[in-house]
Each structure stands twice: as C-alpha cells, then as structure tokens.
Amino acid sequence: MTQPTDNSRASLLDAALTAAERGWHVFPLRPGTKRPALHGEAACPGTGSCAGGHRKWEQRATTDPDRIRATWSHGAFNVGIATGPSGLLVVDLDMPKNQDNSNEGTPDGVATFGALCERTGHTVPDTYRTRTASGGTHLYFTAPAGVRLTNTAGTLAPLVDTRAWGGYVVAAGSITPAGPYEALSGPVAAPLPLWLQSILRPAPKAPQAPSVAVAGQSRRYADVALAAEANNVRAAQPGLREAALFRAARALGRFVAWGDLPRHVVENALQEAGEATGLTVAECRSTLRSALDWSIAHNQQRKGAA
C-alpha cells in the first residue's frame, strides 16, 4: 500500500507543474485521495479568489506556476485536472466493481471500448493515456473547438465514462492507498476523433410534450423522428457512418421502449439507411442490435411518468 508523505511533496508538485506546462488546469486533491482539497460553498470565507463570490474547483483550477507552488508548499496534495477549462475530454475505461467475485468474467472498460471501436470500424485511438490506481485507463483527447461536451456515464459502452466540462481526472504522479496514477505514453493528447464526437455530442432537445399525451400525436412524432434519424445516417460522411447509425439507434430506441414504434420498423429503416451509405449488412445489424438493446433497457419508463 502506497501512502503519500511529506517526502512525496516535491514529486507531486512536479506532477502539477508538468500538467500545467501542457496547458492543463490543475487544483489540489486531498493527500492520498481523489477528493478536492478546496473549501466548499458552505465554508467559503469570501476572501482571496472567492472575494467576489464562491468559486468552485473548476473555476479555481490554474496553470499559473506561482499559484501551484504556493498551494503545494502546504502539503502533499494529489493533482486534479479540470478537464473542461483544460480543453480536454478524457475517456475513463473503468474496472468492474468486484464484490465477492460476483462480477468475475465481466468485461472491463478497455474490452467494451475496444468492442465499440471494432463495431464502428475504427482502431482504438492512439493518444496520451494513464493507468489509474484501480487498474483502469484514462485516454486523453483535446476537445473540439466550439463544442461544449460534458460528462457521460456509459454512453459509449458499459464501464466507459467521459470527463469534460463539469468533471476532473486525477493526474499521473498522484498516489492513493490503492496505488499510483501512472503515465503510459508520451505527453501528446490527440484530437477527439470525429466518430467519438458524433456519439458524445448532445442531441437537440425534443419539443416538450403536452402534459396529457395523445397516442396519435406521440406516434406521429415518433414517425417524424424515425425519418429524420434515417436521413442523418444517409447524410453521414465517410468515417462517421457507423457512429451516426449508432447514435440514431440510441435515439430511436426510446420510442420502441415506449411502444410508439415497433422494433422491426426501426431496424428495417436504419438497416436500409446504413447499407445505402456503404456499410455492410453485418456491420449494420451488429451496431443496431447493441445500440437498440441499450436504449430500450434505459428507457423503459417515459420521462414524466409516475
């Protein structure tokens, strides 16, 4: 078991400065943990950086080496990277939470993300990555300009989360009782691949449904959504086609779960659209099956229902 001591303060300071040199905004985490060391709103003194109102860790994260040295002079703080201000999106490939071996044999995030890449016709992206204390992996990407991505949990695949605006990750060099966070490759974070961006980009909000839904209106809206998503698949550019098919199936699965569209109608429409772009029959079927299964399982109850 590795415990941080005062002797590790210099190496943790170096980790914070190294991240800041890359343009990543850092803030202190409590020694040996993943929890922010900064005060919360209830304990805010209203002075210093909070003189104009309480500032959360995302707002107080910095690349200023003088501020970083001043902070780490007070203790062996682990290093948090605020992903949003840093212009990062980090893909978190987690490990199964194993309790009494109940999850033995469950694929980890590396496996499920690899399967997603294979299913969408892409290789696992080559980018800066770290090993987490639990044995998982963080993949660092530079976020696209003009697109504000937020955190997700399981959107890409089981045990695959992302951290962007509103989130943070623990930097390489940090130490916890479970072990250290270690860099596994060079310092360069690759741009977020377009096919991943197309899955993660928030979908436009659907029009607010009336409080008392009429079955006919609901089905008409579902029909319109089906036609729109099929057109989106047909219009997808090379390299983004399977990701577009994946997103369309995720979006339409809710209507299947709610009884507004039969599953075979959605599958047939999207299969035809996918094949029209040049995807193979097998590629379309595999993508549709996994995306619809996930969406139906996560939309068993219509929003707003008791």
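Notes on the sheet that holds strand β1 (residues 26-29)
- Ordered in space as β1-β2-β8, the three strands form an open sheet in which the pairing is antiparallel. Since the sheet does not close on itself, it has two edges, and those belong to β1 and β8 (168-170), each with one partner. In this sheet, neighbouring strand axes are inclined to one another by 35 degrees on average, regardless of whether the strands run parallel or antiparallel.
- The sheet contacts of helix α1 (residues 9-21) involve β1 and β2 (78-82), and relative to β2 the element is tilted by about 15 degrees.
- Of the strands in this sheet, β1 and β2 are in contact with helix α3 (residues 65-72), which crosses β1 at around 5 degrees.

What to know about the packing of aromatic side chains
- According to the stated counting rule, one finds eight aromatic pairs in the structure shown.
- On the basis of an interplanar angle of 75 degrees and a centroid distance of 4.8 Å, the ring pair of Y128 and Y140 is categorised as edge-to-face. Placement of the pair is Y128 in the loop between α4 (109-119) and β4 (129-131) and Y140 in strand β5 (residues 137-142), with a sequence separation of twelve residues.
- What makes Y140 buried here is its relative accessible area of 0%.
- By way of ring pairs, the aromatic residues W24, Y128 and Y140 are connected into one cluster.
- Seen from the ring of Y128, R22 lies directly overhead, with NZ or CZ sitting 5.0 Å from the centre.
- The aromatic ring of W294 is capped on one face by R250, whose charged end is 3.8 Å from the ring centroid.

As for unusual backbone geometry
- Phi at L159 is positive, roughly 65 degrees, even though this residue is not glycine.
- Inspection of the secondary structure assignment puts L159 in the loop between β6 (152-157) and β7 (160-163).

Concerning helix α8 (residues 263-276)
- End to end, α8 covers 20 Å across 14 residues, agreeing with the expected 20 Å (1.5 Å per residue, within 8%).
- Within α8 the residues assigned to the buried category are V266, A269, L270, Q271, A273 and G274.
- With its phi angle positive at about 110 degrees, G278 sits one or two positions after the end of α8.

Considerations on the environment of A76
- Following the sequence through the fold, A76 ends up in the loop between α3 and β2.
- Under the relative-accessibility criterion, A76 is labelled buried at 7%.
- In this structure the C-alpha to C-alpha distance between A76 and A10, which are 66 residues apart in sequence, comes to 7.9 Å.

Some remarks on the environment of A15
- By the secondary structure assignment, A15 is in helix α1.
- For A15, the residues in contact, after removing those within four places along its chain, are V79, A172 and G173.

Comments concerning the pairing of β5
- Burial runs high along β5: five of the six residues are buried.
- Inspection of the sheet shows strand β3 (residues 88-93) paired to β5 by six bridges, in the antiparallel sense. Residue V90 lies in a different strand from β5, and its bridge partner there is Y140.
- Joining the antiparallel neighbours β4 and β5 is a turn of five residues, in which G135 adopts a positive phi near 100 degrees.
- By the bridge criterion, two bridges tie β5 to strand β12 (residues 190-191) in an arrangement that is parallel. By the bridge assignment, T142 is partnered in β12 with P191.

A short note on the environment of P238
- Within the secondary structure layout, P238 lies in the loop between α6 (215-234) and α7 (241-257).
- C-alpha of P238 to C-alpha of T277: the two residues are 39 residues apart in sequence and 8.4 Å apart in space.

Some words on the side chain of T120
- Its place among the elements puts T120 in the loop between α4 and β4.
- For T120, a relative accessible area of 4% corresponds to the buried category.
- At a separation of 3.2 Å, a polar atom in the side chain of T120 contacts the main-chain carbonyl oxygen of C117.
- In contact with T120, not counting residues within four places along its chain, are W195 and E242.

So, the layout of surface pockets
- As a volume, the second largest pocket reaches approximately 470 Å³.
- In terms of lining residues, the second largest pocket is bounded by 20 residues, among which K34, D92, S134, H138 and Y181 are the most central.
- Its residues assigned to classes, the lining of the second largest pocket shows nine nonpolar, six polar and five charged.

Thresholds applied
Residues numbered from 1 in each chain as written. Predicted model: local features only at pLDDT ≥ 70, side-chain atom pairs only at ≥ 80, totals over all residues. Heavy atoms only, no water. Pairing = 2+ DSSP bridges. Helix = DSSP H or I, 4+ residues; strand = E, 2+ residues; numbered from the N terminus. Axes fitted to C-alpha atoms, helices over the stretch in contact; angles between N-to-C directions. Contact = heavy atoms within 4.5 Å. Phe/Tyr/Trp six-rings, centres within 6.5 Å; stacked < 30°, edge-to-face > 60°. Buried < 20%, exposed > 50% of the residue type's maximum accessible area, 1.4 Å probe, protein only. Lys NZ or Arg CZ within 6 Å of the ring centre and 35° of its normal. Expected span 1.5 Å × (residues − 1). Polar contact = N/O pair within 3.5 Å; in protein donor to acceptor, adjacent residues only side chain to side chain. 1 Å grid on protein atoms, 1.4 Å probe; cavity = no way out; pocket = protein on both sides within 12 Å on 5 of 7 lines; lining within 4 Å. Points joined across faces, edges and corners; volume = space filled by probe spheres on them. Nonpolar A, V, L, I, M, F, W, Y, C, P; charged D, E, K, R; others polar.

That is the geometry; function is a separate question.
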